[in-house]
Amino acid sequence: MPADRCQPGVNRRHRADTGRAVDLHSTLFAPRPRTDEHVSGASIEVIELRKRFGSTVALDGMSFTVAPGKVTGFVGPNGAGKSTTIRAILGLDAPDAGRALIGGAAYRRLRHPLRHVGALVDDAALQPGRTGRNHLLWIARSQKIEAGRVDAVLEQVGLTSAGRRKAGGYSLGMRQRLGIGAALLGDPAVVILDEPFNGMDPEGIIWMRGLLRTLAQEKRSVLVSSHLMGELQGTADHVVVVGRGRVLADASIDDLVARVSRDQVLLRTSAPDQAVRLLGQAGAAAAGSGDIVTVTGIGAQRVVELLAAAGVAFSEVTAQRGTLEDVYLQLTSGEVEFRSGDGREGRR
Ligand SMILES: Nc1ncnc2c1ncn2[C@@H]1O[C@H](COP(=O)(O)OP(=O)(O)OP(=O)(O)O)[C@@H](O)[C@H]1O
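Keep in mind that what you see is a predicted model, and the values were worked out from it rather than measured. (Residues numbered from 1 in each chain as written. Predicted model: local features only at pLDDT ≥ 70, side-chain atom pairs only at ≥ 80, totals over all residues.)

Caption draft 1: Quick peek at helix α4 (residues 148-156). Arg149, Val150, Val153 and Leu154 are the residues of α4 that are buried. Each buried residue of α4 sits inside an arc of 135° when the element is viewed along its axis, so together they form one side. Opposite its buried face, α4 presents the exposed residues Gly148 and Glu155, each directed more than 90 degrees away. Within two residues after α4, Gly158 carries a phi angle of roughly 75°, on the positive side. (Buried ≥ 20, exposed ≤ 12 C-beta atoms within 10 Å, placed from the backbone. Helix = DSSP H or I, 4+ residues; strand = E, 2+ residues; numbered from the N terminus. Arc of directions from axis to C-beta.)

Right, dumping it as structure tokens:
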């Protein structure tokens, strides 16, 4: 494949087990009408995608939209269909049915894709003897992106000095940063990162979160996959939770927590029986264990009011909100491909 035909960042992974691996060259570069319209503010639309690998249903009607100006987390357990969806968006896996559009156009119709969509889909296929900077220069040349972007991007990903070293000596975290640099070279309106936190140390994770927020503030559409909800806490505005090839939840972080989690109030009192009776009469579900009473169905403020009015002594009332991780576990329990521990196959 000639150098100028190679799609850096999106053409690396060929799974041998499919028997239906797509021909990347013809998929990405077949002669067909191309668009180079500006896709600034472009959204990603995933519409009813279906994909089987033999008897495995990888995508089962996957549908969602990624809006500009937000970080959208794409979360689900192993085998949920995240990578297959991303590969379908990038034209690397041909779906059996459905469509994926970027700014209204299929990826393969974009004339210079990296100027519209920056993607990190796997560990970069780096030539170990080439410096990180030269790797980016090669990509820039292949996509007709001005060479000046290379140093700007190296600085953005924190590789200014390391960029002059051979990539063969890079840590996994540094390779991730270089891959993200490659994704950002074309100043794309749409950024898609598959498991970008992989291999990052704590400092790298903080940096990554800041970068994602900046990209969203710049009005880009940002789709970030992860199988750990906690990685996205405080970073994503919106989450698409998936399991077994379909969407389980598609909501803002706040809505998701409020909708799925049951808020609890913990009460510490020397009169637990009296408190349980009183709160039960007020319509709450209350259960005592020692001097602790767990209350659901009414808020902490109401608990305090009821206890004070009835003269029931208490030393502590604490509202406990469900965390994002709690919500995620509730949504995805039973959706894992293989359950850990008991060795049983999941419900796939
Ligand atoms: N090329 C392939 N050949 C055969 N099966 C595949 C192929 N690609 C994906 N699958 C299967 O499709 C399902 C979805 O896989 P996918 O990689 O999209 O999930 P994922 O959510 O990205 O998981 P992970 O977090 O483990 O990467 C899995 O059962 C996987 O084994």
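Structure's up, so let's keep going.
Caption draft 2: Spotlight on the sheet that holds strand β2 (residues 56-66). Here we have three strands laid out as an open sheet, ordered β2-β1-β4, and antiparallel in their pairing. Every interior strand has two partners, whereas the edge strands, β2 and β4 (97-102), have only one. Between one strand axis and the next, the sheet turns through 20° on average, direction left out of account. Note that strand β1 (residues 44-53) and β4 share five bridges and pair antiparallel. Within the sheet, the bridge partner assigned to Ile44 lies in β4 and is Ile102. (Pairing = 2+ DSSP bridges. Axes fitted to C-alpha atoms, helices over the stretch in contact; angles between N-to-C directions.)

Caption draft 3: The arrangement of the packing of helix α3 (residues 132-142) against helix α5 (residues 172-184) in detail. Running from N to C, α3 and α5 cross one another at 25°; their axes reach a closest spacing of 10 Å. With respect to each other, α3 and α5 are oriented roughly parallel. As α3 runs across α5, the sense of the crossing is right-handed. Listed contacts from α5 to Gly132, His135, Leu136 and Ile139 of α3 are Leu178, Gly181 and Ala182. When grouped by side-chain class, the residues that make up the contact of α3 with α5 number four nonpolar, three polar and no charged. (Parallel < 35°, antiparallel > 145°, perpendicular 65-115°, else oblique. Left-handed = near helix turned anticlockwise from the far one by under 90°. Contact = placed C-beta atoms within 7 Å. Nonpolar A, V, L, I, M, F, W, Y, C, P; charged D, E, K, R; others polar.)

Caption draft 4: Seen up close, the nonpolar core. Counting 71 residues, the largest nonpolar core has Ile89, Leu185, Ile192 and Val224 as its most contacted members. It is α5 that provides the largest number of residues to this core, a total of six residues. Ignoring anything within four residues of it in the chain, the contact list for Ile192 reads Ile86, Ile89, Val117, Ala119 and Leu223. Of all hydrophobic cores here, the second largest spans 10 residues; its members include Val265, Leu267, Val295 and Val303. (Core = buried A, V, L, I, M, F, W, Y, C linked by C-beta atoms within 7 Å.)

Caption draft 5: Quick look at the sheet that holds strand β6 (residues 190-194). On the basis of which strands lie adjacent, the open sheet formed by six strands has the order β5-β6-β7-β3-β8-β9 and mixed pairing. Each edge of the open sheet is held by one strand with a lone partner, namely β5 (117-120) and β9 (246-252). Neighbour to neighbour, the strand axes of the sheet diverge by 15° on average, direction disregarded. Sheet topology places strand β3 (residues 70-75) next to strand β7 (residues 221-226); six bridges connect them, and they run parallel. Counted as the bridge partner of Thr72 is Leu223 from β7. Packed on one face of the sheet, helix α2 (residues 82-89) meets β3, β6, β7 and β8 (238-243) and runs near 145° to β6. Contacts from helix α11 (residues 324-332) reach β3, β8 and β9 within the one sheet, and its direction differs from that of β8 by about 30°.

Caption draft 6: Spatial organisation of the pairing of β9. Where β8 and β9 come together, six bridges link them in antiparallel fashion. What sits directly across from Val242, in β9, is Val247. What sits between β8 and β9 in their antiparallel hairpin is a turn of two residues, with Arg244 showing a positive phi close to 45°.

Caption draft 7: Just the confidence of the model for the protein, in detail. On average, residues of the protein score 82 in pLDDT, and 82% of them reach the 70 mark or higher. Predicted confidence for residues 1-39 stays below pLDDT 50, and this span has 60 contacts to residues more than four positions away or in other chains. Predicted confidence for residues 337-348 stays below pLDDT 50, and this span has 12 contacts to residues more than four positions away or in other chains. For this predicted complex, the interface score ipTM comes out at 0.97, alongside a pTM of 0.75. (pLDDT = per-residue confidence, 0-100.)

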